[in-house]
Structures are given as structure tokens and as C-alpha cells.
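A structural walkthrough
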Amino acid sequence: MKTVKLANGVEVPILGFGTFQITDPQEAEKAVKDAIKAGYRHIDTAQSYMNEEAVGKGIAHSDVPREELFVTTKVWVDNVNYDGVMTSVERSLERLGLDYVDLLLIHQPYNDVYGAWRAMEELQKQGKVRAIGVSNFGVDRAVDLAAFNEVTPQVNQIEINPFQQQAKNIEALKNEGIIPEAWAPFAEGKNDIFNNAVLKNIGNKYGKSVAQVIIRWLVEQDIIVLAKSVKPERMVENLAVFDFELTEEDKKEMATLNEGESQFFSHSDPEMIKWMASRKMDI
Ligand SMILES: NC(=O)c1ccc[n+]([C@@H]2O[C@H](COP(=O)([O-])OP(=O)(O)OC[C@H]3O[C@@H](n4cnc5c(N)ncnc54)[C@H](OP(=O)(O)O)[C@@H]3O)[C@@H](O)[C@H]2O)c1
């Protein structure tokens, strides 16, 4: 599969398998096993998904050697400080059954991100994580973090989908050497995305589904995509995006779908920040 090279040379498979909202342990283990069997080599989890142990079992029970897989986890808000990172990442590694993760992210831009970042820089030097980055950070916050630390965030995982295209932010991140990763590429099905006429018409020209058109559109922008499905046939479908190309006309049509706002919530909404701050991961 095509890879994207991070600033420190680490190569990331451009299409990853997302595991958000797969909370049932058996389902999560099976989904990860099925995804690896289908051909995914990049798995995205988080402390807050409450499935690291099941994801680890799925990895362990797959036939693919660890070093061929790229595994990401994320530190939840209540662990975002120096000691919280040091302790909770050890616990994440135990749950995952791994000696290292390939990418460690600060999940949300709250709490003591500076203390957390310094711990993450140390973990990277110790080889417990191969790359470090952030998620849901505005470009300003990511640049500020980079300005006062040794390591620039190697990725920023943000919501990117046809309704929230983030073109300016993507360009600004790339200019800073920060690779964008797209979460909720299908907007989790919101806004009836899988029946969107523009996306369907584009797909029909190539014999491709709406999901495949969206993934292709992101891959062509060199954005790392995280797509989630618990259905093996959809896992396979979502991988079959490397045999067609979108035209400039297709991309212009897709640009008209942008609503320029999140399909979920604003990361600057005080009520959301308070809610996230109150969620404890008990690690
Ligand atoms: N950093 C963050 O704050 C953050 C936030 C959200 C997500 N993420 C990451 O990004 C990943 C992807 O985002 P997401 O899981 O929120 O949503 P998503 O990938 O946009 O959408 C998942 C939904 O699309 C359906 N689906 C998948 N493939 C399909 C296809 N080919 N045809 C029709 N329906 C299809 C899935 O249903 P089935 O499962 O039933 O197939 C599921 O309901 C997550 O799993 C997680 O790893 C990160």
C-alpha cells in the first residue's frame, strides 16, 4: 500500500483501520483480525475507545508479524500531563500486548499538553513509540507546541470528510511538516452521506461506491485516512481504491459539498471541553 513519510522518516500506510465505537471485546478482536486479513496494516485505537486489550488480541491472533503493522493509540485528556503519559502509556502497551506503538497522539487539545509532550518526546527516544503527534488541535496550537519543544508533532488527526473539508488547515499543517490524518472520513454516515447524489454520480463513472470515492479523494491529497467498519465485505471494499483516479472536474464537484463545519461538535465549545475533562479513563 502507498505510504506517507513523517518528518522523522517513519512510513505510515495511507489507509488505516479505525476502531472507535467497537466496544464489545469479541467484536473488536474479530474486527481487527478481519481487517488485517483483508489487508490493513495500520490500526488506530485510543485509551478512550476502551478496546486496546481486544485490539491487541486481534493483532496477536493475526498471521502478520508485529513489525509489518502500524499501530496508533491516543492519550485521553485526564492523562495529558507528564506523569499521566508515562503511567498510562505503559498501561496501554500492556493492554495492547506490545513493546512499542508506532504512533502516540494527544487525543484532545486540553490539560497539560506541554508536560505530556515532553513525556512523549522521552518515550520516543526510549523507542516505546516511533512517532508522536496530536489530534483535534487547531493549527495555531500545533505550531505553538512545536515552537517551544524539540519535536514538531508528526501528525494531527482531525475530522476531514466531504462536509468538513478543511482545505486551509490541511495546507497550513503540511507547510509546517505536520501530516494530516482524517478521522470520520464518512462523517460516520451523517447527512445521508452514503446516498449523496454528487458522490454517487462520481462513483458510478468508475464503478466505485461512495465510500471508495471519499477515500480516494483523501488519498489523492496525501492525507492518511482512518476508515472504520465491522463488516468484512466493507473492509475489503474500502481498501479497493488504488485502481482509479478522480478528475479535476470530480474534485471541483466534491468541493461544493463542503459545509465548513464539524458534523459532530466544536472543539472550542466550553460545554464539550468540560464534558471531555470530566471523562476519566481510570488508568
Ligand atoms: N481523533 C479523534 O478524535 C477521532 C474521532 C473519531 C474517529 N477517530 C478515528 O477515525 C476512525 C474513523 O472514524 P469513525 O469510526 O468515527 O467514522 P467513519 O469511518 O467516518 O464511519 C464509520 C461508519 O461508516 C460505516 N461504513 C464503513 N464503510 C462503509 C461502506 N463501505 N459503506 C457503507 N457504510 C460504511 C460503518 O458502518 P459498519 O461498521 O456497520 O460497516 C460506520 O457506521 C475511528 O474509528 C477512529 O479510529 C478519531
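Details of the structure are given in the entry above.
Residues numbered from 1 in each chain as written. Predicted model: local features only at pLDDT ≥ 70, side-chain atom pairs only at ≥ 80, totals over all residues. Heavy atoms only, no water.

This paragraph deals with helix α8 (residues 210-219). Within α8, 10 of the 10 residues are buried, which leaves the element mostly enclosed by the surrounding structure. Within α8, burial applies to V210, A211, Q212, V213, I214, I215, R216, W217, L218 and V219. On its buried face, α8 sits against β3 (15-18), β9 (179-183), α7 (197-206), β10 (224-227), α9 (232-239) and α10 (248-255). (Buried < 20%, exposed > 50% of the residue type's maximum accessible area, 1.4 Å probe, protein only. Helix = DSSP H or I, 4+ residues; strand = E, 2+ residues; numbered from the N terminus. Contact = heavy atoms within 4.5 Å.)

We now examine the pattern of salt bridges. A full pass over the atoms with the stated rule returns 15 salt bridges. K30 is paired through a salt bridge with D34; the nearest N and O atoms lie 2.6 Å apart. Linking K30 with D34, this pair stays in helix α1 (residues 25-38), spanning four residues, or about one helical turn. With a relative accessible area of 18%, D34 lands in the buried category. Notably, a salt bridge pairs E52 with R95, separated by 2.6 Å at the nearest N-O pair. (Salt bridge = Lys/Arg side-chain N within 4 Å of Asp/Glu carboxyl O.)

A separate point is the packing of α1 against α9. The relative placement of two packed helices is expressed as an angle between their axes plus a distance between the axes. Their axes nearest at 9 Å, the elements α1 and α9 cross at an angle of 40°. In terms of axis orientation, α1 runs oblique to α9. Every pair of crossing elements has a handedness; the one defined by α1 and α9 is right-handed. Facing K30, A31, D34, A35 and A38 of α1, the residues of α9 in contact are P232, M235, V236 and L239. Of the residues in the contact of α1 with α9, the class split is seven nonpolar, no polar and two charged. (Axes fitted to C-alpha atoms, helices over the stretch in contact; angles between N-to-C directions. Parallel < 35°, antiparallel > 145°, perpendicular 65-115°, else oblique. Left-handed = near helix turned anticlockwise from the far one by under 90°. Nonpolar A, V, L, I, M, F, W, Y, C, P; charged D, E, K, R; others polar.)

Quick look at the nonpolar core now. Ranked by internal contacts, the top residues of the largest apolar core, which has 83 residues, are F17, L104 and I106. At eight residues, α8 tops the list of elements feeding residues into this core. Each residue touching I106, except ones within four places of it in the same chain, is listed here: V75, V80, V113, A116, W117, M120, G133, V134, S135 and F137. Among the nonpolar cores identified, the runner-up in size contains six residues, and W76, V77, Y110 and M272 belong to it. (Core = buried A, V, L, I, M, F, W, Y, C linked by side-chain atoms within 4.5 Å.)

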